[in-house]
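The chain contents come next:
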Amino acid sequence: IAEADQRRREEEEAFEKQRREEEEAIERRRLEALAKEEAKHKQMLAKLEAKRAEEAQKPQKPVVQVAKPKEKKKAKRVDPNAFFVHHRSTLADAEAEEAAAEGEADGWREPDADEEE
């Protein structure tokens, strides 16, 4: 029984030791990956700063003047009543006006509807 207990303890200790070694290896890999990422980040920042400095050394292009916007043509205001004929003249009215004009030339004129009453 003592040998079985000792063997079981040795197996447990070996298992615990293996588990700790695996955890340490995992932690070591994680730290290495983190360090690589930080180094990569620093390298990118240095590259960006170098590019910015290089751009600052280049002569600047003149600022392009924005063309003034064209004035919009304003629509003319139209009286809507101008589209409709307010005074309708018929052929009879036109003939009557001609006759009146001839009559005035002769000295005679037709009495108006208001004057007949």
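Predicted, not measured: the structure shown is a model, and the values here were computed from it. (Residues numbered from 1 in each chain as written. Predicted model: local features only at pLDDT ≥ 70, side-chain atom pairs only at ≥ 80, totals over all residues. Heavy atoms only, no water.)

Novice: If you had to explain the confidence of the model for the protein to someone new, which residues and values would you point to?
Specialist: Interpreting fine coordinate detail is not advised for predicted regions of low pLDDT. Chain-level pLDDT for the protein is 82 on average; 81% of the residues reach the 70-or-more range. For the protein, helix 3 (residues 113-116) is the element with the lowest average pLDDT, namely 51, and helix 1 (residues 2-57) is the one with the highest, namely 95. (pLDDT = per-residue confidence, 0-100. Helix = DSSP H or I, 4+ residues; strand = E, 2+ residues; numbered from the N terminus.)

Novice: Account for the pattern of salt bridges, naming residues and giving values.
Specialist: Pairing is possible between side chains of opposite charge, provided their charged atoms come close. Inspection of every chain in the model, using the stated rule, returns seven salt bridges. Across the salt bridge formed by R8 and E12, the nearest N and O atoms sit 3.9 Å from each other. Taken together, the residues R8 and E12, both in helix 1 and four residues apart, mark about one turn of the helix. A relative accessible area of 45% means that E12 is categorised as partly exposed. The shortest N-O distance in the salt bridge between R52 and E49 comes to 3.3 Å. Of this pair, R52 and E49 both sit in helix 1, three residues apart, roughly one helical turn. Among the charged side chains, a salt-bridge network with shared partners connects D5, R8 and E12. (Salt bridge = Lys/Arg side-chain N within 4 Å of Asp/Glu carboxyl O. Buried < 20%, exposed > 50% of the residue type's maximum accessible area, 1.4 Å probe, protein only.)

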